[in-house]
Amino acid sequence: MTNDVLNVIRERSSCKAFADELPEREKLEAIAQAAIQSPSATNKQPWQVIVVTDKALIDEMEAETVRVMGQLPAYKGFYDLITSTGMKLFYNAPCMVVLPIDKKNPYSAYDCGIASQSVCIAAQSLGVASHIIAINEVVFQGDRAEEFKDKLHFPEGYEFGLAVLLGNPAADNAPHTPNPDKITFVD
């Protein structure tokens, strides 16, 4: 069985190489609207949607993420990989949708995950590549955490939830191969 929505889900992939150009503002606005239309537990909507198109700020966040990772033992292997290969942690994305969450809401992490998927599906439907990313949470654990919360206009009491990188793909990226063994029916 197939339809337009199922095709969009099937065709989406995590982009690991973005082109330099920013997607059209109209598309970014539609993607942000999709995020706020996401379902949430008892419709509390415990998120904010922050669309960052300031490439210098995205690059600054990337550099700070790498710097803080270097100080955290849990990220040592990943830090070594990034610094030894020159890998771009944010894949040169020209846009990042940051989804801070209200940590007082016990369902905010789940609801944020749903909103991030809405961002990705909306992006794919509009021909915009996406990549959900959580590693930049370390920016909000480092000594510049409050500075970045201010730069991104986090509401009072909100913490980093997830982010989605957006842009035009620099190269084709095939969707992952789904594993049908992950499905169980209980009749």
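Let me begin by describing the structure that accompanies this report. (Residues numbered from 1 in each chain as written. Predicted model: local features only at pLDDT ≥ 70, side-chain atom pairs only at ≥ 80, totals over all residues. Heavy atoms only, no water.)

## Focus: the overall build of the chain
In terms of helices and strands, the chain carries six helices and four strands. Ordered by position from the N terminus, the helices and strands of the chain form the series α-α-β-α-α-β-α-β-α-β. Here the C-alpha atoms of the chain give a radius of gyration of 17 Å, agreeing with the 16 Å that 2.2 N^0.38 yields for 187 residues. For the chain, the spread of C-alpha atoms along the principal axes amounts to about 50 × 40 × 40 Å. (Helix = DSSP H or I, 4+ residues; strand = E, 2+ residues; numbered from the N terminus. Rg over C-alpha atoms; globule rule 2.2 N^0.38 Å.)

## Observations concerning the packing of aromatic side chains
In this structure the tally under the stated criterion is two aromatic pairs. Summarising the aromatic geometry, the rings of F140 and F154 are spaced 5.0 Å apart at their centres and angled 25 degrees between planes, so their arrangement reads as stacked. Taken as a pair, F140 in the loop between strand 3 (129-133) and helix 6 (145-151) and F154 in the loop between helix 6 and strand 4 (158-167) lie far apart in primary sequence, 14 residues in all. Neither residue differs from the other here; F140 and F154 are each classed as buried. For the ring pair F140 and F160, a centre distance of 5.4 Å and an interplane angle of 15 degrees mean the geometry is stacked. Placement of F140 in the loop between strand 3 and helix 6 and of F160 in strand 4 is noted, with a sequence separation of 20 residues between them. (Phe/Tyr/Trp six-rings, centres within 6.5 Å; stacked < 30°, edge-to-face > 60°. Buried < 20%, exposed > 50% of the residue type's maximum accessible area, 1.4 Å probe, protein only.)

## Here's the deal with the pattern of salt bridges
Under the criterion given, the structure shown has 14 salt bridges. D80 is the partner of K76 in a salt bridge, and the nearest nitrogen-oxygen pair spans 2.7 Å. Of this pair, K76 and D80 both sit in helix 4 (residues 76-85), four residues apart, roughly one helical turn. A relative accessible area of 31% places D80 in the partly exposed class. K149 is the salt-bridge partner of E146, the closest N and O atoms lying 3.5 Å from each other. Of this pair, E146 and K149 are both found in helix 6, three residues apart, which corresponds to roughly one turn of the helix. With relative accessibility at 10%, the residue K149 sits in the buried group. Salt bridges linked by common partners bring E60, E64, R67, D143, R144, E147 and K151 together as one network. (Salt bridge = Lys/Arg side-chain N within 4 Å of Asp/Glu carboxyl O.)

## Regarding the side chain of E62
With respect to the element layout, E62 can be found in helix 3 (residues 55-69). Looking at E62, the relative accessible area reads 8%, which means it is buried. For E62, the residues in contact, after removing those within four places along its chain, are K88, L89, F90 and Y91. (Contact = heavy atoms within 4.5 Å.)

## Remarks on the nonpolar core
A general feature of soluble globular proteins is that nonpolar side chains tend to end up buried together. Membership of the largest hydrophobic core comes to 30 residues, with the highest contact counts inside it found for F90, M96, V98 and L152. Looking at this core, the elements with two or more residues in it are strand 1 (50-52), helix 3, strand 2 (95-102), strand 3 and strand 4. With six residues, the top contributor of residues to this core is helix 3. Excluding residues that lie within four positions of it along the chain, V98 makes contacts with Q48, V49, I50, V52, L152, F154, F160, L162 and A163. Grouped together as the second largest cluster of nonpolar side chains are 19 residues, L99, A115, V119 and A123 included. (Core = buried A, V, L, I, M, F, W, Y, C linked by side-chain atoms within 4.5 Å.)

## Considerations on the environment of A35
Relative to the helices and strands, A35 resides in helix 2 (residues 25-36). A sequence separation of 85 residues divides A35 from C120, and the C-alpha atoms of the two residues are 9.2 Å apart.

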